[in-house]
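Geometric and topological summary
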Amino acid sequence: GTATAALGAAAASAGPTAPDPSFDWRSLVVVPFGSDLRDLHASLHEVLFFRDDAGDDSKREPEDCYSSDEPSPRFVGHATDHYYQCFRNDRLTRIQAVVTLPNDEAPGLIARLCDAWLKDGAPTSRGAPACEGRDGGAAFSARLDGAADDATTELSIVVLPAEAAD
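Conventions used here
- Residues numbered from 1 in each chain as written.
- Predicted model: local features only at pLDDT ≥ 70, side-chain atom pairs only at ≥ 80, totals over all residues.
- Heavy atoms only, no water.
- Phe/Tyr/Trp six-rings, centres within 6.5 Å; stacked < 30°, edge-to-face > 60°.
- Helix = DSSP H or I, 4+ residues; strand = E, 2+ residues; numbered from the N terminus.
- Buried < 20%, exposed > 50% of the residue type's maximum accessible area, 1.4 Å probe, protein only.
- Pairing = 2+ DSSP bridges.
- Salt bridge = Lys/Arg side-chain N within 4 Å of Asp/Glu carboxyl O.
- Expected span 1.5 Å × (residues − 1).
- Arc of directions from axis to C-beta.

**Re the packing of aromatic side chains**
Evaluated as defined, the whole model comprises 4 aromatic pairs. With a centroid separation of 5.9 Å and an interplanar angle of 70 degrees, the aromatic rings of Y66 and F87 are classed as edge-to-face. Taken together, the residues Y66 in strand 2 (residues 64–68) and F87 in strand 3 (residues 82–88) connect sequence positions 21 residues apart. The exposure class assigned to F87 is buried, which follows from its relative accessible area of 1%. Between the aromatic rings of W117 and F140, the centroid separation amounts to 5.4 Å while the plane-to-plane angle is 75 degrees, which identifies the pairing as edge-to-face. Residue W117 is found in helix 2 (residues 106–117), and its partner F140 is found in strand 7 (residues 138–146); the two are separated by 23 residues along the sequence. In this pair, the class of W117 matches that of F140, namely buried. A connected cluster of aromatic rings, assembled from ring pairs, spans W25, F75, W117 and F140.

**Remarks on the pairing of strand 6 (residues 130–135)**
Both strand 6 and strand 7 contribute to a ladder of 6 bridges, which runs antiparallel. Across the sheet, G133 pairs through a bridge with F140, a residue of strand 7. Where strand 6 folds back onto strand 7 in an antiparallel hairpin, the turn is made up of 2 residues, including G136, whose phi is positive at roughly 65 degrees.

**A closer look at the pattern of salt bridges**
As enumerated under the stated definition, the model contains 8 salt bridges in all. D90 is paired through a salt bridge with R38; the nearest N and O atoms lie 3.3 Å apart. You can see D90 sitting in the loop between strand 3 and strand 4 (91–102) and its partner R38 sitting in the loop between helix 1 (2–10) and strand 1 (44–47), a full 52 residues away along the chain. For R38, a relative accessible area of 59% translates into the label exposed. Put simply, R143 and D145 hold a salt bridge, and the shortest N to O gap is 2.9 Å.

**Some remarks on helix 2**
Since the α-helix advances by 3.6 residues per turn, residues separated by three or four positions end up pointing in the same direction. With 12 residues, helix 2 should cover 16 Å at 1.5 Å per step; its first-to-last C-alpha distance of 16 Å lies within 8% of that length. Looking at helix 2, one finds that the buried residues are A106, L109, I110, L113, C114, A116 and W117. Taken around the axis of helix 2, the buried residues stretch over an arc of 160 degrees, which confines them to a single face.

**Quick look at the environment of L160**
The residue L160 is located in strand 8 (residues 152–161) in this model. The spacing of L160 and R94 is 66 residues in sequence and 4.8 Å in space, taken between C-alpha atoms.

Shown next, in the form of structure tokens:
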């Protein structure tokens, strides 16, 4: 579609014939939402997240998140630093990924990505350093955060089933 064509501009290294599919957030969804954890034939290990629930009125049901021992999908032309699949009641409910980018590349990249991602989808929030939207049955939220060193920035993205984002 037009979003795929627009991704060519975001993927300068992809060459003129085909955009790099890793520049599309959909490349992170390697199994459909709702997939049963027991049906995945990948070697997974559980990842523990600690969060402060003080002031959190949502009281979300707990999720169990896993990282694969297999290579993670590439995202925006880079190997992911972190790639998690999270399950509630053994069903896939969230995907989260993080890549580290050079500071001088990150703001322009997220702007180009957001333009491409929102070309066919519905924006829910937009503006540096974040991009949120929906397309089909999924909602995404990407943002830039400072990294451990001063020379890099982390691009993190969360992808959810659209109904879970409401």
